[in-house]
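Summary of structural features
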Amino acid sequence: AQSVAQPEDQVNVAEGNPLTVKCTYSVSGNPYLFWYVQYPNRGLQFLLKYITGDNLVKGSYGFEAEFNKSQTSFHLKKPSALVSDSALYFCAVRDNSGYALNFGKGTSLLVTP
Amino acid sequence: ETGVTQSPTHLIKTRGQQVTLRCSSQSGHNTVSWYQQALGQGPQFIFQYYREEENGRGNFPPRFSGLQFPNYSSELNVNALELDDSALYLCAFQGTHTEAFFGQGTRLTVV
């Protein structure tokens, strides 16, 4: 089955510094990978996706992610963190059936002033 | 905003009762999925509907059931509620080869 792993429960970064939230994947075939963000008591907001093409994917709110096939990783990055980026971030992979998204357990990002 | 609306936003039910959650979208996307997100966990896939038929299901018992209507809106029904059913329930609409757009969720508390 397709799966993703987010090895960090929490990431702390100072405002203005670059941030990275890690995600590794395990798939058979070509992966469809996604990042979503969740603010408290809210649903999931789509940030970006990798389907095919360039390994560097640019998304919403200045976020980007790099697809690395050899390391089976899809890390989320932002050059300069904002306090408002503090939230819960989920990596997800589309299931082979094409139906479901399989989510990681999430990484809590805290950006301090 | 994703254009996906879920109702109600919160509700409290007693163990053994039944609940119906609703979801609609203005997007015109014809595929809707439901997810359960327990506290501190990632969302777990419940099932998906396409053209009013269930066409995929996760590891959830039959007391979790659903409907999709001709306007693509959807319901999630849960019978014989258990305490462990307490969670945030999310629905999402998507088109072919596109990302899923989620609603804000319904927070269900079973007491």
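Our subject in this report is the structure included herewith. Note that this is a predicted model, so its numbers are computed, not measured.

Here we come to the state of the cysteines. Counted by the stated rule, this structure contains two disulfides over all chains. Sulfur-sulfur distance for the disulfide between Cys23(A) and Cys91(A) comes to 2.0 Å. Residues Cys23(A) and Cys91(A) are joined through a disulfide that is left-handed, its torsion about the S-S bond being -60°. On the criterion of sequence distance, the pair formed by Cys23(A) in the loop between strand E3 (19–21) and strand E4 (24–26) and Cys91(A) in strand E10 (residues 87–94) is long-range, its members being 68 residues apart. Summarising the burial analysis for this pair, Cys23(A) and Cys91(A) share the class buried. Between the sulfur atoms of Cys23(B) and its disulfide partner Cys91(B) the distance amounts to 1.7 Å. One disulfide, between Cys23(B) and Cys91(B), carries an S-S torsion of 65° and so falls in the right-handed class. A residue pair is termed long-range when its members are at least 10 positions apart, and Cys23(B) in strand E3 (residues 19–25) and Cys91(B) in strand E9 (residues 87–94) qualify at 68 residues. Judged on exposure class, the residue Cys23(B) and its partner Cys91(B) are both buried.

Each partner contributes residues to the interface: chain B has 23 residues there, and chain A has 18 residues. Summing both partners gives a buried area of about 1700 Å² for chain B against chain A, and 51% of it is carried by carbon and sulfur. At the boundary of chain B and chain A, one finds one salt bridge. Measuring nitrogen to oxygen at the nearest pair gives 2.7 Å for the salt bridge that ties Lys49(A) to Glu99(B). Across the chain B-chain A interface, the total number found is five residue pairs in polar contact (both at pLDDT 80 or more). Contributing elements (two or more residues each) for the side of chain B that touches chain A: strand E4 (31–37), strand E5 (44–50), strand E6 (53–57) and E9 of chain B. Looking at the side of chain B that touches chain A residue by residue, the class counts come to seven nonpolar, 13 polar and three charged.

Strand pairs in the sheet, formed through backbone hydrogen bonds, run parallel or antiparallel to each other. All names here are of chain B. Pairing is antiparallel across the open sheet formed by four strands, whose spatial order is E1-E3-E8-E7. Edge positions in the sheet fall to strand E1 (4–7) and strand E7 (64–68), since each of these pairs with one other strand and no more. Taken over all neighbouring pairs, the strand axes of this sheet differ in orientation by 15° on average, direction set aside. As judged from the four bridges shared by E1 and E3, these two strands associate in the antiparallel manner. Bridge pairing in E3 links Ser7 to Arg22.

The rules behind these values
Residues numbered from 1 in each chain as written. Chains lettered and ligands numbered in written order. Predicted model: local features only at pLDDT ≥ 70, side-chain atom pairs only at ≥ 80, totals over all residues. Heavy atoms only, no water. Disulfide = S-S within 2.5 Å. Helix = DSSP H or I, 4+ residues; strand = E, 2+ residues; numbered from the N terminus. Buried < 20%, exposed > 50% of the residue type's maximum accessible area, 1.4 Å probe, protein only. Contact = heavy atoms within 4.5 Å. Buried area = accessible area lost by both parts, 1.4 Å probe. Salt bridge = Lys/Arg side-chain N within 4 Å of Asp/Glu carboxyl O. Polar contact = N/O pair within 3.5 Å; in protein donor to acceptor, adjacent residues only side chain to side chain. Nonpolar A, V, L, I, M, F, W, Y, C, P; charged D, E, K, R; others polar. Pairing = 2+ DSSP bridges. Axes fitted to C-alpha atoms, helices over the stretch in contact; angles between N-to-C directions.

Interpretation note: all reported values are geometric properties and have no functional meaning in isolation.
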